[in-house]
Amino acid sequence: MNYIANPKCINERVEDGVIILNEENGNTIVLNETAAFLYEHITLGSEEAVIKALCSILEDRVDIETVERDCKECIQRMTDAQVLLEAGNV
């Protein structure tokens, strides 16, 4: 699945993540560093490409299956919050 950042959202980088305001509905969400990485790298194309990029910078000791599952859940939550949009539904 491919995603894009919602163009109706504005974001601000803070010390430990990103704050995003959806100007359309007024919702604000705060992303931690990991979620911010996913959000900022969504332009890599597919969900798999973004997750692969994150895994490439993690230490070897992490459980890749857990990281992949958590990332997919995070991307789904950002989609549900309308911070990310499915590329085909823009």
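Residues numbered from 1 in each chain as written. Predicted model: local features only at pLDDT ≥ 70, side-chain atom pairs only at ≥ 80, totals over all residues. Heavy atoms only, no water.

Asker: It is not clear to me how the packing of helix H2 (residues 47–57) against helix H3 (residues 64–80) should be interpreted in this structure. Could you clarify?
Answerer: Two elements in contact, H2 and H3, have axes whose closest approach is 10 Å; the angle formed by their N-to-C orientations is 130°. Regarding the angle of H2 to H3, the classification is oblique. Relative to H3, H2 is oriented so that their crossing is right-handed. Where H2 abuts H3, its residues Glu47, Ile51, Leu54 and Cys55 lie against Ile64, Val67, Glu68, Cys71, Lys72 and Ile75. Grouping the constituent residues of the contact of H2 with H3 by class yields 7 nonpolar, no polar and 3 charged. (Axes fitted to C-alpha atoms, helices over the stretch in contact; angles between N-to-C directions. Helix = DSSP H or I, 4+ residues; strand = E, 2+ residues; numbered from the N terminus. Parallel < 35°, antiparallel > 145°, perpendicular 65-115°, else oblique. Left-handed = near helix turned anticlockwise from the far one by under 90°. Contact = heavy atoms within 4.5 Å. Nonpolar A, V, L, I, M, F, W, Y, C, P; charged D, E, K, R; others polar.)

Asker: Is there a simple way to explain the pairing of strand E3 (residues 17–22) in this structure?
Answerer: Each regular strand carries side chains that alternate between the two faces of the sheet. Bridge count between strand E2 (residues 9–14) and E3: 6 bridges; the pairing is antiparallel. The partner of Arg13 across the bridge, within E3, is Val18. Between E2 and E3, which pair antiparallel in sequence order, lie 2 residues. Here E3 runs beside strand E4 (residues 28–31); their pairing, made up of 4 bridges, is antiparallel. Within the sheet, the bridge partner assigned to Ile20 lies in E4 and is Ile29. Counting the residues between successive antiparallel strands, the hairpin from E3 to E4 contains 5 residues, one of them, Gly26, with a positive phi of roughly 80°. (Pairing = 2+ DSSP bridges.)

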